[in-house]
Amino acid sequence: MNFDALIDFLKKRLQLPMPGHVAHNLMKPKLTNGAPIQIKHFKPPRDSAVMILLHQRNRKIHFPLIQRPKYEGVHSGQIALPGGSMEGNDHDLFETALRETEEEIGVMKNRVEIIGNLSSFYVMASNFNVLPVIGCVNYMPNFVPDPREVEEIIHPSIVDLMDIRNRKEKQVTAKGGIKLLSPYFDLLGRTVWGATAMILSELVVILKEFSGQ
């Protein structure tokens with residue numbers, strides 16, 4: 001897969017209607033009895049953004065995922081895209097994604113080219129509206145994990161992500177001991193599920209358009 005050709009394709013494709021919920025639902029967890037998950041929140045959702053940062057490594061296109069440390073929160077210990085909540089000084093959610101990428105994995109925001117974004121969607125578990133932003137860098141970054149927020153950075157390739165053999169399903173335990181049946185991506189031996197898997201599912205659908213699958 002040619003890096004420059006993919007970037008050119010994405011710049012145009014992301015301006016068109018997106019797969020959205022159809023793609024998200026392919027990787028959406030559900031209760032083990034088959035029922036949809038329902039959580040009531042009493043505060044309005046917070047706006048947030050995550051970054052899919054495309055870069056070349058060993059002639060393949062990769063993107064970083066982070067492992068969150070253990071903490072008192074719904075995403076404790078999970079594999080995620082770099083990102084977080086919009087803050088007061090952020091002009092928009094693109095700036096949120098750039099700032100969080102610099103803070104969490106050490107890639108300078110002024111070195112990242114924003115390509116566009118995937119569909120925004122609501123993450124019920126954490127009560128966030130999330131905008132997935134796609135960016136790219138034309139060099140191999142020196143990734144530096146924030147020791148407070150990032151336990152490890154892994155670098156799956158786009159080829160790994162698109163490989164149907166890496167799309168699986170199993171029972172997972174969410175916060176509070178809730179048992180869920182969840183589709184997931186098996187990337188470099190890590191389980192990528194939940195909101196991150198739903199975001200990446202939409203990217204896969206679009207990448208298949210590019211590759212003609």
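Going by the structure above, here's the rest.
None of these values were measured; they are calculated from a predicted model.

What follows is about the environment of Val 192. In this fold, Val 192 is placed in strand 13 (residues 190-192). According to the relative accessible area criterion, Val 192 is buried, its value standing at 0%. Spatially, the C-alpha atoms of Val 192 and Pro 145 are 19 Å apart, while their sequence positions differ by 47 residues. With near-sequence residues (within four places) excluded, Val 192 lies in contact with Leu 65, Ile 79, Tyr 184, Phe 185, Leu 187, Ala 197 and Leu 200.

Turning to the environment of Ala 174, a few remarks are in order. Within the secondary structure layout, Ala 174 lies in the loop between strand 11 (167-173) and strand 12 (179-187). Among the residues examined, Ala 174 registers a relative accessible area of 22% and is labelled partly exposed. Sequence separation of Ala 174 and Val 150 is 24 residues, and the distance between their C-alpha atoms is 20 Å. Among residues more than four places away in sequence, those in contact with Ala 174 are Leu 180 and Trp 193.

Here we take up helix 3 (residues 93-105). Over its 13 residues, helix 3 extends 18 Å from the first C-alpha to the last, a length consistent with the 18 Å expected when each residue adds 1.5 Å. Turning to helix 3, its buried residues number three or more, namely Leu 93, Thr 96, Ala 97, Leu 98, Arg 99, Glu 100, Thr 101, Glu 104 and Ile 105. The inward-facing, buried residues of helix 3 abut strand 2 (46-57), strand 4 (65-67), strand 6 (83-85), strand 7 (113-117), strand 9 (128-136) and strand 10 (152-154). Two to three positions downstream of the cap, the backbone nitrogen of Phe 94 sits 3.1 Å from a side-chain oxygen, assigning the N-cap of helix 3 to Asp 92.

Let us look at the nonpolar core. By size, the foremost hydrophobic cluster in this structure holds 36 residues, and its most contacted members are Ile 52, Leu 54, Phe 63, Ile 134, Phe 185 and Leu 203. If you list the elements that add at least two residues to this core, you get helix 1 (3-13), strand 2, strand 8 (121-123), strand 9, helix 4 (158-162), strand 12 and helix 5 (194-211). The element that contributes the greatest number of residues to this core is helix 5, accounting for eight residues. Those residues in contact with Phe 185 that lie beyond four places of it in its chain are Met 27, Leu 161, Asn 166, Arg 167, Arg 190, Thr 191, Val 192, Ala 197, Leu 200, Ser 201 and Val 204. Judged by nonpolar contacts, the second largest core, of 17 residues, contains Leu 53, Ala 80, Leu 98 and Val 150.

This part is about the packing of aromatic side chains. The tally for this structure, following the rule as stated, stands at one aromatic pair. Each ring, one from Phe 9 and one from Phe 210, has its centre 5.2 Å from the other, and the planes form 45°; the classification is tilted. Within this pair, whereas Phe 9 is found in helix 1, its partner Phe 210 is found in helix 5, the two being separated by 201 residues in sequence. The ring of Tyr 139 carries the charged tip of Arg 111 above its face, separated from the ring centre by 4.0 Å. Across from the ring centre of Tyr 184, 4.9 Å away, lies the NZ or CZ of Lys 170, which sits over that ring.

Let us look at the pattern of salt bridges. This structure, assessed with the given rule, holds 11 salt bridges. Here Glu 104 ties to Arg 68 by a salt bridge, and the two come within 2.9 Å at their closest N and O atoms. Remark: Arg 68 occurs in the loop between strand 4 and strand 5 (79-80) and Glu 104 occurs in helix 3; sequence separation between them is 36 residues. Each member of the pair Glu 104 and Arg 68 is classed as buried.

This paragraph deals with unusual backbone geometry. Backbone geometry places Asn 58, a non-glycine residue, at a positive phi of 55°. Structurally, Asn 58 is set in the loop between strand 2 and strand 3 (60-62). Judged by its relative accessible area of 73%, Asn 58 falls in the exposed class.

With respect to the helices and strands, the residue Ser 85 is situated in strand 6. Residue Ser 85 is classed as buried on the basis of its relative accessible area, which comes to 14%. Those residues in contact with Ser 85 that lie beyond four places of it in its chain are Arg 46, Asp 47, Ser 48, Asp 90, Thr 96, Arg 99, Glu 100 and Phe 128.

Turning our eyes to something else, we now look at the sheet that holds strand 10. The strand order across the open sheet built from three strands is 5-4-10, with neighbouring strands paired in antiparallel fashion. The open sheet terminates on both sides in strands that have one partner only, identified here as strand 5 and strand 10. Direction of pairing for strand 4 relative to strand 5: antiparallel, over a ladder of two bridges. Considered in strand 5, the bridge of Ile 66 is made with Ala 80.

Rules behind the numbers
Residues numbered from 1 in each chain as written. Predicted model: local features only at pLDDT ≥ 70, side-chain atom pairs only at ≥ 80, totals over all residues. Heavy atoms only, no water. Helix = DSSP H or I, 4+ residues; strand = E, 2+ residues; numbered from the N terminus. Buried < 20%, exposed > 50% of the residue type's maximum accessible area, 1.4 Å probe, protein only. Contact = heavy atoms within 4.5 Å. Expected span 1.5 Å × (residues − 1). Polar contact = N/O pair within 3.5 Å; in protein donor to acceptor, adjacent residues only side chain to side chain. Core = buried A, V, L, I, M, F, W, Y, C linked by side-chain atoms within 4.5 Å. Phe/Tyr/Trp six-rings, centres within 6.5 Å; stacked < 30°, edge-to-face > 60°. Lys NZ or Arg CZ within 6 Å of the ring centre and 35° of its normal. Salt bridge = Lys/Arg side-chain N within 4 Å of Asp/Glu carboxyl O. Pairing = 2+ DSSP bridges.

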